[in-house]
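# Observations on the three-dimensional arrangement
Listed here are the chains, written in short residue letters.
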Amino acid sequence: MKERTRKYVRLSLILYVALLSAAVIATAAWFITSRTASIKTSEDMVITAGQQLEISMTDSSAGWGSTVGVPVPEMAIPDITGNGVNFYFPTTLDSNDMPIMSDASTFMDVSDNPDGEYYIEYKVSFRTAAQTKVYLSNQSSIIPKDLDSADDLTGTVSKDILAGAVRVAFLEEVNEGEYVTRAIWIPNDGYQISKTGDGYTFVKDGHREDSYGYLSVGNDQVTSHAWGTDDFRTGKVIVGTTALASSAKTDEDGNQISAMTNGGAPLLTFDGGTEKTEKTLVIRIWLEGTDREAVTDLVGGQFSYKLDFISISKTDGDNTLGAVTWSETENKLNGVEGKNVLYSFNAIDWMPYSNQIEGSDGYDVIYVREKETATKICGAVNAIPRSSAAQ
């Protein structure tokens, strides 16, 4: 075993937030070197609010407005693991540079230590008298500095691939110090790094990891957790950017797009009224050590952040699809006639349904929901097991 000293990726955060008003665990070696790299910028973080919404940094004296500028400090964070609320740092690694799952005493709880030491945290307050919902838009991104040039450490790929290990949690502070997780975002799911001899190969739009998750520590045990289809279909875990709300004004059918085209829960919900209501969104950004891109040779990777929000006034989708069955003999859905339906086998990648199910071999469950319309967001997801399919 080896004691794990503090290993950091040192980075500076460029975070742009725009509010638009629209009437199992992957195997990877954790960081073990003491190398650090810096990104410095003279730019401030700019947060802009559009119509209906006002915005303010919770811990700032700047007050409410449509735009808030926040100085960006230089930050240093190590790879940790967590669910957005609770975080853990393995202080000791085994001979393969992996956490010691059999010994909970080798983990340190860092949940109450933001301050740029283990993860980055911002508290952003919104207020409005309008009835509306707030979503993360598809203009958001975790941006590597340069993916095209090999660096002098690995010699084969850019260290900026480390952006694939970034996680972003969006928590609503319902009471002081009490948080409800609204979403976990895994932005760069297509980043795929593979060890090849003394170097690596990298694919930007490769196959996503087989599973995503985190570790937790409690009752003298270390437990592995995997995000599942229930997390994906409810929007609690957002994989990639295709499931984010679109900032485009219309879709291919001419409908106004303002909610998550592929469905998902809002980050904040305002009921509206005569008086303005205030809500606080806590944003936490960390490097997830269980991710395949959290490897030693990528320490020092450089990237910046762009988080873009959109305010939506559409109603909830039609959640009454009713009894839907899956006819395997005809490879089609029954009970969706006359409805504009999307289907998926993993609750992440959604496809329009047109009287035929494509690529169903090997799947035991199909997920179905109504598509967004001009006035309603996507409907709730129906999960249809193969065992209950109509023959």
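Residues numbered from 1 in each chain as written. Predicted model: local features only at pLDDT ≥ 70, side-chain atom pairs only at ≥ 80, totals over all residues. Heavy atoms only, no water.

### Remarks on the overall build of the protein
Helix and strand content of the protein: 1 helix and 31 strands. Within the protein, the proportion of its 391 residues that are buried is 53%. (Helix = DSSP H or I, 4+ residues; strand = E, 2+ residues; numbered from the N terminus. Buried < 20%, exposed > 50% of the residue type's maximum accessible area, 1.4 Å probe, protein only.)

### Some words on the pairing of strand E18 (residues 199-203)
Relative to E18, strand E17 (residues 192-196) is paired through 5 bridges, and the arrangement is antiparallel. Residue pairing in the sheet places Ile-193 in a bridge with Phe-202 of E18. Hairpin connection from E17 to E18: 2 residues lie between these consecutive antiparallel strands, with Gly-197 at a positive phi of about 65 degrees. (Pairing = 2+ DSSP bridges.)

### Some thoughts on the pattern of salt bridges
All chains considered together, the criterion is met by 12 salt bridges. Residues Glu-121 and Arg-284 are paired through a salt bridge, measuring 2.8 Å at the closest nitrogen-oxygen approach. One end of the pair, Glu-121, is in strand E12 (residues 120-128); the other, Arg-284, is in strand E23 (residues 277-288), with 163 residues separating them in the sequence. What emerges from the salt-bridge pattern is a single network uniting Glu-54, Arg-127 and Lys-276. (Salt bridge = Lys/Arg side-chain N within 4 Å of Asp/Glu carboxyl O.)

### So, the side chain of Thr-290
Mapped onto the elements, Thr-290 comes out in the loop between E23 and strand E24 (303-306). Polar contacts involving the side chain of Thr-290 include one to the main-chain carbonyl oxygen of Gly-213, which spans 3.4 Å. (Polar contact = N/O pair within 3.5 Å; in protein donor to acceptor, adjacent residues only side chain to side chain.)

### Some remarks on the side chain of Glu-173
Structurally, Glu-173 can be placed in strand E15 (residues 166-175). Not counting residues up to four positions away in its chain, the partners in contact with Glu-173 are Lys-123, Glu-178, Tyr-179, Thr-280 and Val-282. (Contact = heavy atoms within 4.5 Å.)

### As for the packing of aromatic side chains
One pass over the full model with this rule turns up 8 aromatic pairs. Centre to centre, the rings of Tyr-343 and Tyr-353 are 6.1 Å apart; their planes meet at 85 degrees, and the pair counts as edge-to-face. Separated by 10 residues along the polypeptide, Tyr-343 in strand E28 (residues 341-344) and Tyr-353 in the loop between strand E29 (351-352) and strand E30 (365-370) bring together distant segments of the chain. Pairwise contacts between aromatic rings join Tyr-343, Phe-345, Tyr-353 and Tyr-363 into one cluster. The ring of Tyr-200 is capped by Lys-195, whose NZ or CZ atom sits 4.5 Å from the centre of that ring. Sitting above the plane of the Tyr-179 ring, Arg-284 keeps its charged end 4.9 Å from the centroid. (Phe/Tyr/Trp six-rings, centres within 6.5 Å; stacked < 30°, edge-to-face > 60°. Lys NZ or Arg CZ within 6 Å of the ring centre and 35° of its normal.)

### Thoughts on the confidence of the model for the protein
With 72% of its residues at a pLDDT of at least 70, the protein reaches an overall mean of 75. Within the model, pLDDT remains below 50 along residues 6-44, and this stretch shows 166 contacts once partners closer than five positions in the same chain are excluded. Within the model, the stretch residues 256-261 combines pLDDT values under 50 with 38 contacts to residues more than four positions away or in other chains. (pLDDT = per-residue confidence, 0-100.)

### Quick word on the sheet that holds E28
In spatial order, the strands read E29-E28-E30-E31; together these 4 strands make up an open sheet with antiparallel pairing. Each end of this open sheet is capped by a strand with a single partner; those strands are E29 and strand E31 (382-385). Pairing of E28 with E30, which is carried by 4 bridges, proceeds in the antiparallel orientation. The residue of E30 that forms the bridge with Ser-344 is Tyr-367.

### Focus on the nonpolar core
Grouped together as the largest cluster of nonpolar side chains are 41 residues, with contacts concentrated most on Phe-170, Trp-185 and Phe-309. Of all the secondary structure elements, the ones that give two or more residues to this core are strand E5 (54-57), E12, strand E13 (131-136), E15, strand E16 (178-186), strand E22 (268-271), E23 and E24. (Core = buried A, V, L, I, M, F, W, Y, C linked by side-chain atoms within 4.5 Å.)

### Some thoughts on unusual backbone geometry
Of note, the phi angle at Ala-347 is positive, near 65 degrees, even though the residue is not glycine. Mapped onto the elements, Ala-347 comes out in the loop between E28 and E29. Notably, Asn-355 is not glycine yet its phi reads approximately 65 degrees, a positive angle.

### Here's the deal with the environment of Asp-103
Looking at the secondary structure, you find Asp-103 in the loop between strand E10 (92-93) and strand E11 (107-109). Side-chain polar atoms of Asp-103 contact the side chain of Ser-105, separated by 2.5 Å.

### Focus: the environment of Ser-149
Secondary-structure assignment places Ser-149 in the loop between strand E14 (141-144) and E15. We classify Ser-149 as partly exposed; its relative accessible area is 36%. Each C-alpha atom, one on Ser-149 and one on Asp-160, is 9.6 Å from the other, the two residues being 11 residues apart in sequence. With residues near it in sequence (within four places) discarded, Ser-149 still touches Val-157 and Ser-158.

### Notes on the pairing of strand E20 (residues 221-226)
Note that strand E19 (residues 213-218) and E20 share 6 bridges and pair antiparallel. Residue pairing in the sheet places Gly-213 in a bridge with Ala-226 of E20. Counting the residues in the hairpin turn of E19 and E20 gives 2 residues, including Asn-219, whose phi is positive at 55 degrees.

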